[in-house]
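Here's the letter readout for the chains.
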Amino acid sequence: MVTTRFDIEKFSGKMDFGLWRIKMKTLVVHQGLADALKGDFGESSNSDNEESSSSDVEKAKMMEKAHSAIIICLFFR
């Protein structure tokens, strides 16, 4: 298994936000969390509530992971 490490400078407000945003989007896409940024998970076509709730839990986990990745790359004064 190959592990790739990305070093993204924490956003402090002194650098170009547009470039930082592109780097963050790339990181989130690489981690498989791009749908969390879009908020586009699609509608669940399952009529079974158990499968639907399982899918909702996975969606929530994906949103939380994407949020955490962004927060980690912010600089707090």
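Model, not experiment: these values are computed from the prediction.

Enquirer: So what exactly am I meant to see when it comes to the overall build of the chain here?
Expert: A count of helical and extended segments in the chain gives three helices and zero strands. Written out in order from the N terminus, the α and β elements of the chain read α-α-α. Counting all 77 residues of the chain, 18% fall into the buried class. Sequence-distant contacts in the chain: of pairs separated by 6 or more residues, those separated by 24 or more amount to 61%. As displayed, the chain has an accessible area near 6400 Å², and 53% of this comes from carbon and sulfur atoms.

Enquirer: Could you clarify how one ought to interpret helix α1 (residues 17-30) in this entry?
Expert: What sets the pattern is the α-helix's 3.6 residues per turn: residues three or four places apart point alike. Taking 1.5 Å of rise per residue, 14 residues should cover 20 Å, and α1 covers 20 Å from first to last C-alpha, within 8% of that figure. Of the residues flanking the end of α1, it is Gly 32, one or two places downstream, whose phi is positive at about 80 degrees.

Enquirer: Would you mind going over the confidence of the model for the chain with me for this structure?
Expert: Detailed reading of the predicted coordinates is not advisable wherever pLDDT falls low. Averaged over all residues, the pLDDT of the chain equals 81, while 78% of them reach at least 70. Per-element averaging of pLDDT across the chain places helix α2 (residues 34-38) at the bottom with 83 and α1 at the top with 91.

Enquirer: Would you take a moment to explain the nonpolar core for this structure?
Expert: Judged by nonpolar contacts, Ile 8, Phe 11, Trp 20, Met 24, Leu 27 and Cys 73 together constitute the single largest core of six residues. Ile 8 has contacts with Trp 20, Lys 23, Met 24, Leu 27 and Cys 73, leaving out every residue within four places of it along the chain.

Enquirer: Whenever I open this one, the layout of surface pockets confuses me. Can you help?
Expert: Unfilled space is identified by rolling a water-sized probe across the atoms. Reported here for the largest pocket is a volume of approximately 180 Å³. Every residue along the wall of the largest pocket is listed here: Phe 17, Trp 20, Arg 21, Met 24, Lys 25, Val 28, Val 29, Ala 34, Leu 37, Lys 38 and Ile 70. Of all the secondary-structure elements, those providing two or more residues to the lining of the largest pocket are α1 and α2. Among the elements that line the lining of the largest pocket, the one with the most residues is α1, at seven residues.

Rules behind the numbers
Residues numbered from 1 in each chain as written. Predicted model: local features only at pLDDT ≥ 70, side-chain atom pairs only at ≥ 80, totals over all residues. Heavy atoms only, no water. Helix = DSSP H or I, 4+ residues; strand = E, 2+ residues; numbered from the N terminus. Buried < 20%, exposed > 50% of the residue type's maximum accessible area, 1.4 Å probe, protein only. Contact = heavy atoms within 4.5 Å. Areas by Shrake-Rupley, 256 points an atom, 1.4 Å probe, with all protein chains shown as cover. Expected span 1.5 Å × (residues − 1). pLDDT = per-residue confidence, 0-100. Core = buried A, V, L, I, M, F, W, Y, C linked by side-chain atoms within 4.5 Å. 1 Å grid on protein atoms, 1.4 Å probe; cavity = no way out; pocket = protein on both sides within 12 Å on 5 of 7 lines; lining within 4 Å. Points joined across faces, edges and corners; volume = space filled by probe spheres on them.

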